[in-house]
Amino acid sequence: RDFPQAKQHVMHLSEDFAAAWREIENLLAEVGEAVKQRQARDILLFWVDAVAKKEFTQMPFLKMQAEKGVDFKESFCVTPFTHPTLKTLFCGKKVIDDASYTIDLIDENCSPLLREANRNNYEFRSISGYWSEFADKYETDAYYPRCKSASNLLWETLRQILLAEQPLMTLTHLFMET
């Protein structure tokens, strides 16, 4: 996960390891170029779960991404629990007031957000090793066991971007790892 740190160590092992590292760098450059060539205006949502807002100050990468994108400074969840919050975000329903607990599957029928994405020709992908509330057509073809590492989910997000034939909206659900 830490490519700069890995490079420092790998380059000193042997010429075979150094050659393999150079191949990895070339592949990563190709992936980067493919992403840059993508004409679609993709929407990438990253849901960082189980972390207090004050802890973000200790995460320079996330802070940098927030400065580049949209960062909600005064956002609050309707409940501290993931599944009800997901249903509020996608369906506009609160747990008790609107009985969101009765929603078993999130699709266009109950989600104004998904309807709007579809109306604007966006594909939607849910990338998570935790929830299963979305209709199958929104899931990727990759299987992720419960609470898969953030790195795997981020690589899957990148894979989905490169595979998409039209604009893509992803929701990547990450747990903070220790």
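Here, the structure is the one placed above.
Summary of the structure given here. Quick caveat, the model's predicted, so the values are computed rather than measured.

Comments concerning the overall build of the chain
- Counting secondary structure elements, the chain contains 6 helices and 3 strands.
- Reading the chain from its N terminus to its C terminus gives the helix and strand order α-α-β-α-α-α-β-α-β.
- Within the span of the chain, comprising 178 residues, buried residues form 31% of the whole.
- The contacts in the chain between residues at least 6 apart in sequence include a share of 59% that link residues at least 24 apart.
- Taken as a whole, the chain presents about 12,200 Å² of accessible surface, with 55% of it coming from carbon and sulfur.
- Mean positive and mean negative side-chain charge positions of the chain (21 and 27 charges, respectively) differ by 5 Å.

As for the pairing of strand β3 (residues 168-175)
- Of all 8 residues that make up β3, 7 are buried, and the element is covered over most of its length.
- Where strand β1 (residues 43-49) and β3 come together, 7 bridges link them in parallel fashion. The residue bridging Phe46 from the neighbouring strand is Thr172, located in β3.
- By the bridge criterion, 5 bridges tie strand β2 (residues 123-127) to β3 in an arrangement that is parallel. Its bridge partner being in β3, Glu123 is matched across the sheet by Leu168.

Quick word on the nonpolar core
- Ranked by internal contacts, the top residues of the largest apolar core, which has 16 residues, are Leu86, Phe90, Ile106, Leu114, Phe124, Phe134 and Leu171.
- Looking at this core, the elements with two or more residues in it are α4 (82-91), α5 (112-119) and β3.
- For this core, the element with the highest residue contribution is α4, accounting for 3 residues.
- Residue contacts for Ile106: discarding those within four places in its chain leaves Leu86, Lys87, Phe90, Cys91, Ser111, Leu114, Glu133, Phe134, Ala135 and Tyr138.

A short note on the packing of helix α1 (residues 3-10) against helix α2 (residues 15-37)
- Where α1 contacts α2, the two axes come as close as 9 Å, and the packing angle between them is 155°. Relative to α2, α1 is oriented roughly antiparallel. Contact residues: α1 offers Phe3, Ala6, Lys7 and Val10, while α2 offers Phe17, Ala18, Trp21, Ile24, Glu25 and Leu28.
- Grouping the amino acids of the contact of α1 with α2 by side-chain chemistry returns 8 nonpolar, no polar and 2 charged.

Details of helix α6 (residues 150-163)
- With 14 residues, α6 ought to run about 20 Å at 1.5 Å a step, and its terminal C-alpha atoms sit 20 Å apart, in line with that.
- Tucked inside the fold, the buried residues of α6 contact β1, β2 and β3.

Considering the sheet that holds β1
- The 3 strands lie next to each other as β1-β3-β2, forming an open sheet whose pairing is parallel. Where the open sheet ends on each side, the last strands, each with one partner, are β1 and β2. Averaged over neighbouring strand pairs, the angle between their axes works out to 10° when direction is ignored.
- α6 contacts β1, β2 and β3 of the sheet and is inclined by roughly 175° relative to β3.

Overview of unusual backbone geometry
- Positive phi, normally seen in glycine, also occurs at Ala99, with a value near 55°.
- With respect to the helices and strands, the residue Ala99 is situated in the loop between α4 and α5.

Observations concerning the pattern of salt bridges
- Scanning all chains against the criterion turns up 7 salt bridges.
- The partner of Asp42 in a salt bridge is Arg38, with the nearest N and O atoms 2.6 Å apart.
- Under the relative-accessibility criterion, Arg38 is labelled buried at 19%.
- With a shortest N-O distance of 2.3 Å, Asp141 and Arg159 are connected by a salt bridge. Residue Asp141 is located in the loop between β2 and α6, and its partner Arg159 is located in helix α6; the two are separated by 18 residues in the primary sequence.
- For Asp141, a relative accessible area of 66% translates into the label exposed.
- Judged by relative accessible area, Arg159 falls into the partly exposed class, the value being 30%.
- Salt bridges sharing common partners tie together Asp141, Glu156 and Arg159.

Reading the values: rules and limits
- Here the residue numbering is sequential within each chain, running from 1 through the sequence in written order.
- Selection of residues for local features in this predicted model requires a pLDDT of at least 70, selection of side-chain atom pairs for listing and counting requires 80 or more, and totals for whole chains, interfaces and linings are taken over all residues.
- Neither water nor hydrogens contribute to the side-chain values; these are computed over all heavy atoms in the structure.
- What counts as a helix is a DSSP run of H or I of at least four residues, what counts as a strand is a run of E of at least two, and both are numbered from the N terminus.
- Remark: exposure states derive from per-residue accessible area (1.4 Å probe, protein chains only) relative to the maximum for the residue type, with buried under 20%, exposed over 50%, and partly exposed in between.
- Here, two residues are considered to be in contact whenever any of their heavy atoms come within 4.5 Å of each other.
- All accessible-area figures derive from a Shrake-Rupley calculation using a 1.4 Å probe, and residue coverage is judged against the displayed protein chains alone.
- Note on charges: Lys and Arg go in the positive column, Asp and Glu in the negative column, and His and the chain ends are not counted at all.
- Lysine's charge is taken at NZ, arginine's at CZ, aspartate's at CG and glutamate's at CD.
- Strands were regarded as paired on the criterion that DSSP finds at least two bridges between them.
- What we call a nonpolar core is a set of buried Ala, Val, Leu, Ile, Met, Phe, Trp, Tyr and Cys residues that are connected through their side-chain atoms within 4.5 Å.
- Helix axes use the C-alpha atoms of the stretch in contact, all axes being lines fitted to C-alpha atoms, and the angles between their N-to-C directions lie in the range 0 to 180 degrees.
- Note on terminology: angles under 35 degrees are roughly parallel, angles over 145 are roughly antiparallel, angles of 65 to 115 are roughly perpendicular, and the others are oblique.
- Just so you know the grouping, Ala, Val, Leu, Ile, Met, Phe, Trp, Tyr, Cys and Pro go in nonpolar, Asp, Glu, Lys and Arg go in charged, and all remaining residues, Gly too, go in polar.
- How far a helix is expected to stretch is found by multiplying one less than its residue total by 1.5 Å.
- We count a salt bridge whenever a side-chain nitrogen from Lys or Arg sits within 4 Å of a carboxyl oxygen from Asp or Glu.

Spatial relationships are all this shows, so hold off on functional conclusions.
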